[in-house]
Amino acid sequence: MNNIVAIVGRPNVGKSTLFNRLIQRREAIVDSVSGVTRDRNYGKSEWNGKEFSVIDTGGYVRGSDDVFEAEIRKQVELAIDEADVIIFVVDVEEGITPMDDAVARLLRKVTKPVLLAVNKVDNAMREKDAIEFYNLGLGEYYTFASISGSGTGDLLDALIDAFPIKPEPTQEEVVLPRFAVVGRPNAGKSSFINALIGKERYIVTDIAGTTRDSIDTKFDRFGFEFNLVDTAGIRRKAKVKEDLEFYSVMRSVRAIEHADICILIIDATRGFEGQDQSIFWLAEKNRKGVVILVNKWDLVEKETMSTRDYEEKIREELMPFTDVPILFVSALTKQRLLKALEATVKVFENRQQRIATSKFNEFMLKVIEAYPPPATKGKYVKIKYCMQLPTPTPQFVFFANMPQYVKEPYKRYLENKIRENWDFSGVPIDIYIREK
């Protein structure tokens with residue numbers, strides 16, 4: 001379970017530049033994933049072997065100067081509520097502004113770790129100027145320059161040290177699979193949960209989730225036990241007038257981080273919108289299984305849009321990860337809800353699937369022989385051995401004499417062949433090429 005870091009501060013201090021730098025650091029380590037740019041406010045990062053999630057609150061401040069303070073207050077309060085550590089970014093060139101003071105007043109009251117990061121410090125003179133920020137009353141500060149990257153190492157070291165220590169589950173504790181119900185506001189998440197638990201008698205108990213603000217409903221069904229995580233039921237903040245788009249991303253991040261499978265509910269009357277895509281790619285980047293439920297299908301005029309046409313439109317938006325179950329349901333009439341749960345259980349089983357090395361080699365080496373990697377600069381790549389790695393999510397390694405010449409299209413070809421022969425529907429797959 002990753003920690004969540006929120007970058008806060010007034011507009012134009014370099015929050016997004018810092019965010020982009022952290023995300024690039026992560027992408028340099030793993031293969032870039034198609035669709036990452038669809039979600040510009042959320043990303044994964046890594047430092048000294050510790051992975052964490054980063055949220056950039058910068059893209060949400062709108063309006064003229066007189067409403068900035070209210071907007072910033074809203075963003076910071078949401079970030080404080082959901083994040084484990086907060087990075088408060090200020091600008092050495094402009095010094096302390098009234099808006100910085102407003103943010104600092106909020107942050108001085110919180111018990112979570114707050115790192116004061118002074119941006120644009122790229123010479124000794126500005127290092128001296130940064131002393132002014134002690135006046136914010138947040139203690140030690142860290143100087144850096146987000147454009148050049150200088151100083152970010154010290155900031156990240158401090159960030160890793162600030163992460164709370166999370167208890168490991170005891171060996172006696174049975175860890176059940178967790179299915180998170182996610183989606184944009186008003187898509188029908190609450191109705192879906194209520195339809196499942198309203199008159200059913202399979203519920204064992206309601207238990208507090210690993211996050212303090214979500215509830216797990218324990219199910220025993222199909223001879224299979226699992227926890228259903230209701231993100232719709234996360235308590236509303238009385239003092240916060242929510243920016244729904246921002247808040248739904250924040251709580252989806254938290255739910256997805258702690259889930260095995262994500263049930264993404266979309267509103268059939270609105271279509272597969274940008275926010276739905278953001279949540280989908282958020283789950284995919286976290287290597288979680290995904291099932292898409294098109295809710296309110298009973299309200300759609302069937303003459304204008306068939307299930308096949310609708311499904312094709314969604315799959316176009318999901319390219320290249322199109323091997324995802326899509327079901328058309330109605331929480332109101334309870335149409336196909338049990339099928340939806342069965343599909344979710346199947347995706348979980350797909351994610352747990354392990355292929356014997358002998359069977360995997362027997363099939364894949366024939367596939368590779370029939371269509372070997374294209375020659376590059378007159379050099380031929382030979383793959384002689386492959387296997388599934390012993391990891392929590394499906395990862396496969398292929399050993400080659402010149403792995404650097406195996407490009408992304410060929411990796412996608414290998415992934416497609418794996419999916420054709422084994423059922424990994426709804427589950428992201430990682431392909432690695434290593435030197436033999």
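Computed from a predicted model, the values in this text were never measured in an experiment.

What counts, and where the lines are drawn
Residues numbered from 1 in each chain as written. Predicted model: local features only at pLDDT ≥ 70, side-chain atom pairs only at ≥ 80, totals over all residues. Heavy atoms only, no water. Helix = DSSP H or I, 4+ residues; strand = E, 2+ residues; numbered from the N terminus. Buried < 20%, exposed > 50% of the residue type's maximum accessible area, 1.4 Å probe, protein only. Contact = heavy atoms within 4.5 Å. Areas by Shrake-Rupley, 256 points an atom, 1.4 Å probe, with all protein chains shown as cover. Core = buried A, V, L, I, M, F, W, Y, C linked by side-chain atoms within 4.5 Å. Domains from an automatic or database assignment. Pairing = 2+ DSSP bridges. Axes fitted to C-alpha atoms, helices over the stretch in contact; angles between N-to-C directions.

Engineer: Which residues make up the overall build of the chain, and what are the values?
Structural biologist: A count of helices and strands for the chain gives 12 helices and 16 strands. With 436 residues in all, the chain has 55% of them scored as buried. Restricting the contact set of the chain to residue pairs at least 6 apart, pairs at least 24 apart contribute 72%. As presented, the chain carries roughly 20500 Å² of accessible surface, and 50% of it is formed by carbon and sulfur atoms.

Engineer: Requested: an account of the nonpolar core, with residues and values cited.
Structural biologist: Phe88, Leu107, Phe280, Ile292, Val294 and Ile314 are the most contacted members of the largest nonpolar core, which has 52 residues in total. Among the elements that take part in this core, helix 8 (residues 274-285) stands out by supplying five residues, more than any other. Looking at which domains feed residues into this core, each of domain 1 (3-162) and domain 2 (178-352) gives three or more. Look past the residues within four positions of Ile292 in its chain and what remains in contact with it is Leu264, Ile266, Phe280, Ile314, Leu318, Val324, Pro325, Ile326 and Leu327.

Engineer: So, the sheet that holds strand 15 (residues 395-400): which residues are in play, and what are the values?
Structural biologist: What the three strands build is an open sheet, ordered 14-15-16; its pairing is mixed. Edge positions in the sheet fall to strand 14 (383-388) and strand 16 (430-435), since each of these pairs with one other strand and no more. On average, each strand axis in the sheet is inclined to that of its neighbour by 20°, with strand direction left out of account. The sheet contact formed by strand 14 and strand 15 spans five bridges and is antiparallel. When the bridges of strand 15 are listed, Gln388 appears paired with Phe396. Contacting strand 14 and strand 15, helix 11 (residues 357-370) crosses the sheet at an angle of about 140° to strand 14. Lying on the sheet, helix 12 (residues 408-421) is in contact with strand 14, strand 15 and strand 16; it crosses strand 16 at an angle near 120°.

Engineer: Lay out the environment of Asp154 in plain terms, naming residues and giving numbers.
Structural biologist: Position of Asp154 among the secondary structure elements: in helix 5 (residues 152-162). With 10 residues separating them in the primary sequence, Asp154 and Phe144 have C-alpha atoms 8.5 Å apart.

None of this, on its own, says anything about what the molecule does.
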